[in-house]
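The residues making up each chain are set out below.
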Amino acid sequence: MKTKFSGMLTLLLALVVQFSFAQEKTITGTVIDDSGLPLPGTTVLVKGTSSGTSTDFDGKYSIKANQGDVLVFSFVGYTNQEATVGSSNTINITLQESAESLEEVVVTALGIKREARALGYGTDVIKGEELVTARESNIVNALQGKVTGVQITNSSGNVGGSSKVIIRGVSSLSGRNSPIWIVDGVIINNSQVAGGDANRISGNRDFANGAAVINPDDVESMNILKGAAATALYGSRAAGGAIIVTTKKGRANENGNALVTINSTIRFDDLFITPDYQQEYAMGTNGVYNAGLNGFDWGPRIEGQIVPNLPITGQPGPLQAVKNNGIDTFFDTGYTHINNFSVSDANDKTDYRISLTSLNQTGILPGSKLNRYTASLNAGIRHSDKLESRFGVQYIKSKSEGTGATGANDPNIIGLDFFSSTLDTRLFSPWKDASGNQINHIVDDAGALSNNPLWLRHENSNDRDDDRVIANASLTYKPFEGFALTGRFGVDLDDDKRLVENSKGTIQRLVGDFDSDNLRRQEITVDALASYTKDITEDFSLNVIGGFQYNSRLVERQRIQGVDLLIPELFSPANAAQTIATRDFTESRLVGLYSSAEFGYRNWATLTLTARNDWSSTLPKNNNSYFYPSASLAFVFTDALGIQNDWISYGKLRASWAQVGNDTAAYQLDFNFLPVTTANGQYSLDLNFPFNGALAYRANPTIPPANLVPEEQTSYEFGLDLKLFNGRLGLDLSYFKNQNKNQILAVAIPESTGFASSVLNVGQVDQEGFEIALDATPLKIGDFTWNTAINFSTVESKVVELTEGLEQFQIASAFNSVQVLAVPGKEFQLYGFDFLREPTTGRPIIDPDTGRRQQAAQAETLGSVLPDWTGGWINTFSYKGFSLSATIDAKWGGVMKSSTVENLQQSGLVKETLFGREGTFIDTEGVLVDANGNVTDNNIPLLNAEDYWTASLGVGSVATPWVYDATFVKLREVSLSYTFPSKMLENTFIQGLSIGVEGRNLALLYSKVPHIDPEASLFGSGADGFGIERSNVPTSRSVGFNVRLTF
Amino acid sequence: MKRLKFIILASLLLASSLQSCDDTLDINTDPLAASSADPNAVLPYVFVQYSARKVPELGTRICDVSQYISNTFNSPNRGSVSSFLTGNTWGMYYVQALGNLSLVKADAAAAGETSNNVNAIATVLMAHVFYEATSLWEDVPFTEALNGAEFPNPKFDSQETVLNGVVDLYDEAIALIDAIPASGNFQITANSDMFYGGDMTSWRRLANSLKLRTLMMLKSGGANVDAKINETLNQPLIESNSQSAIIRYSGQPGAQNAMLTIITRFFGPDNESQDVFGPGDPIDELLRDSGDPRYDLWVARNDLPAPGNDLFPDPTTSVLSNNIIRADLPDMFIMPAEIDLYKAQLAFEGVAAAGDAETNYKNGIRNAIKWWGQDIPGAIATVSNSTIDSYVNGLPSPSINDIYNQQYLAAFLQPVMAWNIWRINKVPVLSPPPNSSIGTVLRRFVYPPDEIAANPNTPADKPTQEPMWFEN
C-alpha cells in the first residue's frame, strides 16, 4: 500500500512539476470565416492531445493550453489552421474556405448555413470569383454553362436586355416558371415588363429583368436551390426553384488594416454572327433594280451598270456590292467599362464593407447604351454575446438608351434583314439637317420615302431610367446557448421609368408619339425566426427552426401615351393632340408559418423535415390556406460504413420528397367591369374615351373561378455524391421527378359564350430529369493544375393533361399562326403550318397552275421547343500565377422558328438564294398529283427564284422551312489571368495584383440555324414563350482586359 | 425557466400576428375596377369598340372585296382570310359587343319595364351584330350563344335560323319600346346613346328598318317572309337622312375615322396626296359620265382612269377624295336610301305596300346624293338641291338592274352591307381580282382559330368561294 501511495505521489508531483514548467493558461479568441462571419462549431484542439473545445455561436472559444502548444482550428469546408500559443492570451483566427475540401458549407433556404453533407437535395454554388472572371452586365448570363439543370436564355444583343432562367425545366402552364431570387435573405423581384407591346410581338422593347441589377462584384456566392425540398421553406413562390445571393461582408486585410479592392474591366463588343449575305444581285424585284427595296435583293446581277438613282443619294451611278451588306459599318464597336472600388474592414465586434461600381456600356446597335451605378453597404455589429445586428443596402441606378425594338409592325425594328447588297450604310450619316428634319432616307423609284435607320436609332427614344433600392436589416438575439431569435426586414423598391418615343417625321409614325410608362414596385418581406440546436446525446443532434414570414408585393403602373406632337421632342401630355392615360395597380400578400427539424446521427445521417403553411390574399378566403411538407435524408455511407481509402473518400446518398403549393395573381376572383380609355383598332388605330363626351366601361372577359384551390407540386429526388481518388474526382448525380397539378390558368373558352376565358384549376405538367456534375483534377504536376468540370442535365417537361374538352392550350403566340402550345402527352410544342404533302412520298404537292407549293389545311405540332439536354464544360489550367479558364456550353435539341432567317431567304439576301436566279426555276422537291391521284415529279416552272422563295416556300402561313433544330454549342467564356506573386509586390503598398484578358460569346461551335445566333428569342424573361425568334437585336462577341488590385 | 419565458413570448408574438392575418389578406379587390356598371357607361364602349374594329379592319378589307376600293392592305379579296381579320372581328362581335350587350340586357330585364328603353337599345344592337356575324361566316352560334353556364360550347345555327332570330329580336325591341311606361324610366344620357341620344321613337324606327334589311336577306335566301315584309312597310321606317343611324366622329385626335388615320399615321397628310385609297372599277364605271354628283363628291382627279382592282392609286389615276376620306367621316349603320331602294325593289316585284317603284328609286338616289352632298356630318363639298333635282328628275324609269346598281352605290363605305348587297344581287358584275386563289369574289370568312380551338362544335370551314345560304 505504501509503495502504491508513494508511487502515485511521485506521479502527481511529477505532473505538478510538469505543469509548473508548462505555465498553463486560458487562451480565448474568435474564429471567423474569410467573409468576417463568426464560425460557430469550429473545433479547437491542442495538437497532439485529445484536449479540445469548439467555438460558440459567436465563434468564440476558450481553451487551456501551454505556451508553445500548437492549437489546431478546423471546420468543415475550411482549411485547417494552426497557431502556436505565445505570450498573448488571445488568438483570433480567420479560416479560409478550402478549395479542395471534401466538405462544403451551403447557404440554404432562409439563409441558413448547412454542411453540404447534411443536405438531402441537390444544390449548386457559384462563387463570387466565377462571376467576375468575365463579367456580364446581366448576372444571369454569368451562370451560362456553369450550373447543372439550369437553362439560361439571353433574349438578344440589347444592352441592358433581359435573360431568363429556368431551373429543371418548365413546370407551369401559366408562365410562373422562373425561380425566386433572394439577396441576403430578401426576396427581390425578377419580373420583366416589356416596353411597348404587351404581347411582345409588335415592337417589343426588351428591358432588363429585375435580377439583372445584382452587381457581380458584390456577390460572395450564389446558391441555386433546385428541388421543391430545397425551397420548401420559401413557400409557394419558389416552385420554380430559388437563387440565393449572398453578398460580400466586411473583412480585414491580412495585415489587419482595411482591405481596399479595385477591379477594372474594359471590353470591346462586335457582331457575333454575320449572315452569309449574297453579293451578286442588287436590291429590287423580278430582276429589276429598285432603290427603295432595301433588304429585298431580287434585283439584277451587279455588273457595275449605271442606274439613275443609287440608294439613299438618288444620284446616277454604277451599282456596286458593299461588303457584308454594310452591316460592319452600320453596327458599332461596343465599349464596356466596369469599375469597382470597395473598402472593407472587420474586427471581432464589427464588419463593414462599402462598394461602388460603375458599368458604362455602349452597344453594337448605334445609339444604344447602358449606364449603371451601384452603391452597396453591408455591415454588422456584435453588440454583445447575445445580440447582434446587420444592415445591408444596395442602391442601383440604371439608365439605358436606345434599346432595340424586336418583333414586327414597328418602324424602329432594324434586323439583319434590313440591309442590301448594294446599299452603302455609311450614306445614312448624317440623319438630320440643321432644322432637325430627317434626311438621307431610303427612296424608292416612285419617290416614296422610308426611314433612315440612323434617324430611328438616334432620334427615337427607347429609354429606361430605373432606381432600385434593396435593403435588409436583421437583429439576432441569443438568450441562451443553442437558441437564437432572428428578426429580419427586407425591402425591394423599384422605380422604373420608361420613355418610348417616335420623333415627328418618322415615316409610319409621322405625327410623332410617345409612351411614358412609369412602374413602381415594392416588395416587403418580414421574417421572424427562432432556432434551437442541441446535441442530445453524443450521437444524436437536433436542430429545430420555427418562423413566420410576411410578404407583400405591390405593382403600380401609370402610363401616358401621347400621339400627334406639336413640338417634336417635347414629351408632355399637353404637347400631344391625343393622350391616353392608363393606370394599373395590384397588390398581393402572403403570410407563412414554417418550421424545420433536422435530426443528425453521428454526422453521417441527417433527416430533415420541414413544414410550411401559407395564407395567400389571392385565393378564395375559404381556400386560401395551404400546407406543404417536405422530408429529406442525407446518408454519408462512407462514414457510416467506415469506408476510407485511396479511391473513395466520400460518398453520400440523398433522397427527398416535397409537396408545395402555389397561389395565383391578384384580383382573379371577382367578376368586374373595367374602365376603358382605349377602343382597340387594327394597326393600333385606336379610339379614345371619353368619346363624344361619353366614358366607357367593359365587362371583364374572363369568367372568375367558382372554387379555386392552390396549385400543387409534388416532387421527389434521389442523388449520389462521390469524391474519388483523394478528392481528384467529384461526381454528383441527381434524378428527380415532379408532378404539377391543379394549375391555375385562364383557359380560352369559345368566344361565342360572350367571354374569352375562364380561370380554372386545370392540367398537369410532369418533369422528370437527370443531372450529372463532374469535377475533376486530371493533372496536377508541380505548380501546374488542370481542373475540368462537366455538367449535364436532361429534363423532360411533359404536359400530362389539360382539362376535359381542351385539346391544347396556348402558351404564347407569335406571327403567321405560329404558336407555342401545351398538348397532352408532349413537351411544349411549336405549332404552325407545313406544306400540303403527298402522303406516300411526303413531298409537297405543287399547284399545277402556278408551280408553287401549297399550305396544308391544318396547322400541326412541329416539335418540342424545349431542349433535350443542356450542358457545360469548364476547363481551368493554372500554373504559378497564371490561370486559363474556358467555358463551353451546349443546348441540345428542341426546335425554333426563325423569322429573321425567313426574311433573309425570302428577300434574296443570303447565298442559298443565288441558286436558279437565271433561267427557269422548277421546285424539284415537289410532286404533281392529278385528278386520278397519280403522282409525278413536278415539272411546272415557277416565275423565277424570287417566286420560289417568296410565294412558294412563303405560301400562306407556312412555317416549316424556317423551323430549325435549335441545338447549339458555344465557346461562352475564356479568361486568362496572371496574379503577381506577393514577393514582387513586397516593397509596394499593393497587396495583390492580377491582370487578365477575358472574352465572352467567342465562338458558335455548332449550330443548325443558319445566319443567326440560335440562342435568340422573341420572348424576354418575363414571358413564357420559347422557340420563336424575329428581328432580334443581333448578339455580340466581346473581348476585354481586366485589372484587379488590392491594398 | 428563462427558456420557457422566451417560448411563451415568441408564441404570443406569433399568435398576435396571426390574429390580424385575416384583415391583412383581405386586399384582393381590384381598386381600379367596378363590381357593376351603369349601362350609360357600357353602351359607349360597345358603340365605339365596334366602330374601332369595323372601320379600319372591315372598312378597308370588305369594301375592297366588293370593289368599292381599288386595293387595300392584307385584303381577303384573293380568297385567303387572315386569322387576324377573322379572329379580331369574331372577338369584337361576340365578346366585346354581344358579351357586354347581353349583360346590359339581362340587368335591364331584371330591373323591369322602367328599363325597357335600355333593354330595347341593347336588343337592337345585339340583333344587328348577329346579322353581321352571319353575313361574314354564315352558320354562327345564336340560339346557344352568350349562355356559357348552360352551353359552354355553343352550337352553330344555320343562317336562316340566325336571321329569323334576328327578326325576332327586332320584334322584341319594338314590343319593349311600345311598353315603355310614361314615367319613371331609366335615364339614358345623351352622350351614351351615340345614335339617337335616348330618343326611343328613333330606335323604334331603326329597329323596324333593320328588320326590313334582315328580311331582304331572308327573302334572298328563299324564305317566305312576304307577310313580315308587309308588316315592316306598315310601320315607321327611316325616311330622311336626319333619321340615319351613325356614329359621329368629332375628328379630334382619338375620335378620327381610321380610313384617314391609316394614312396620317403611316403615309402622310391625306389620301389625295398619298394615294392610298382609290375608287374600285365598278364605282368608276357606274359614276363616270353619269352626271351623278356623287362622282365628284367621292372621286378626285376623276378625269384620270381608275387605278384598277388590284392596284393602289398613283398620280396617273383617280383617287378617293379628301371629301370622304376625312377625320370626321361618320361610321354609317343605315341611311334612308337603303330603305327607299328596298322599297323600289319590292314595288318593282309587285309588293303593293311598298308603293311606287320609280318614286322610291328616285327618293333613294335623292337621299343618297343629299347624304353625301349635304347631310353627312362634316361635308366639305356640297351639292345644291337644284343640282340634285335636275339629275334625279332626269333619270329614266328604272329597271331592276338600275335599282340593284343604286343599292350597291348606296352601301358605299358601309363594310358589311357593301358586301351583302352585292352577294344578294350580284349587280354590278364583278370580276375577281388578278391572282385570286378562288377565281371568284370572296363569299365568306373562315372561322377564327380561337373559336375552332375552344369550341368543338365549330363546323369545318367551307371554301371561301362557296356562296352562303342567303345567296340562293
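The structure presented is a predicted model; accordingly, all values stated were derived computationally and were not measured.

**Description of the overall build of chain A**
Moving on, step 1. For chain A, the helix and strand inventory stands at eight helices and 62 strands.
Moving on, step 2. Against the 2.2 N^0.38 benchmark of 31 Å for 1047 residues, chain A shows a C-alpha radius of gyration of 32 Å, consistent with a compact globule.
Moving on, step 3. Based on the C-alpha atoms only, the size of chain A along its principal axes is roughly 125 × 70 × 65 Å.
Moving on, step 4. For chain A, with 1047 residues in total, the buried portion stands at 52%.

**Thoughts on the nonpolar core**
Moving on, step 1. Counting 309 residues, the largest nonpolar core has B:Val124 and B:Tyr170 as its most contacted members.
Moving on, step 2. Here this core takes 14 residues from helix α5 (residues 116–137) of chain B, the largest share from any one element.
Moving on, step 3. Residues contacting B:Val124, with those up to four places away along its chain left out, are B:Tyr170, B:Ala173, B:Trp203, B:Leu206, B:Ala207 and B:Leu210.
Moving on, step 4. Membership of the second largest hydrophobic core comes to 17 residues, among which are A:Val44, A:Ile63, A:Leu71 and A:Leu95.

**Overview of the confidence of the model for chain A**
Residues and elements named next belong to chain A.
Moving on, step 1. When pLDDT is averaged along chain A, the result is 87; 95% of the residues meet or exceed 70.
Moving on, step 2. Mean pLDDT values for the elements of chain A range from 40 in helix α1 (residues 2–22) up to 96 in strand β41 (residues 696–699).
Moving on, step 3. Here residues 1–22 is a poorly scored stretch, pLDDT under 50, and it has two contacts once near neighbours within four places are set aside; other chains count.

**Details of the domain arrangement of chain B**
All names here are of chain B.
Moving on, step 1. The domain architecture assigned to chain B consists of domain 1 (37–237 + 437–467) and domain 2 (276–430).
Moving on, step 2. Taking the mean C-alpha position of each, domain 1 and domain 2 sit 24 Å from one another.
Moving on, step 3. Taken together, the contacts link 30 residues of domain 1 with 35 residues of domain 2.
Moving on, step 4. Those elements that provide at least two residues to the side of domain 1 that touches domain 2 are α3 (39–63), α5, α7 (200–221) and α8 (226–233).
Moving on, step 5. Within the side of domain 1 that touches domain 2, the residues separate by chemical class into 15 nonpolar, 11 polar and four charged.

**What about helix α17 (residues 415–425) of chain B?**
Residues and elements named next belong to chain B.
Moving on, step 1. The element α17 is extensively covered by neighbouring structure, given that nine of its 11 residues are classed as buried.
Moving on, step 2. What α17 keeps buried is the set Pro415, Val416, Met417, Ala418, Trp419, Asn420, Ile421, Trp422 and Arg423.
Moving on, step 3. Elements that come into contact with the buried residues of α17 comprise α3, α5, α7 and α16 (400–410).

**Describing the packing of α7(B) against α8(B)**
The angle between the axes and the distance between the axes are what describe a pair of packed helices.
All names here are of chain B.
Moving on, step 1. The N-to-C vectors of α7 and α8 enclose an angle of 155°; their axes lie 9 Å apart at closest approach. One way to sum up the angle between α7 and α8 is to call them roughly antiparallel. α7 and α8 meet at a crossing whose hand is left-handed. Across the interface between the two elements, Asn208, Lys211, Leu212, Leu215 and Lys219 from α7 touch Lys228, Ile229 and Thr232 from α8.
Moving on, step 2. The residue makeup of the contact of α7 with α8, split by class, is three nonpolar, two polar and three charged.

Conventions adopted
Residues numbered from 1 in each chain as written. Chains lettered and ligands numbered in written order. Predicted model: local features only at pLDDT ≥ 70, side-chain atom pairs only at ≥ 80, totals over all residues. Helix = DSSP H or I, 4+ residues; strand = E, 2+ residues; numbered from the N terminus. Rg over C-alpha atoms; globule rule 2.2 N^0.38 Å. Buried ≥ 20, exposed ≤ 12 C-beta atoms within 10 Å, placed from the backbone. Core = buried A, V, L, I, M, F, W, Y, C linked by C-beta atoms within 7 Å. Contact = placed C-beta atoms within 7 Å. pLDDT = per-residue confidence, 0-100. Domains from an automatic or database assignment. Nonpolar A, V, L, I, M, F, W, Y, C, P; charged D, E, K, R; others polar. Axes fitted to C-alpha atoms, helices over the stretch in contact; angles between N-to-C directions. Parallel < 35°, antiparallel > 145°, perpendicular 65-115°, else oblique. Left-handed = near helix turned anticlockwise from the far one by under 90°.

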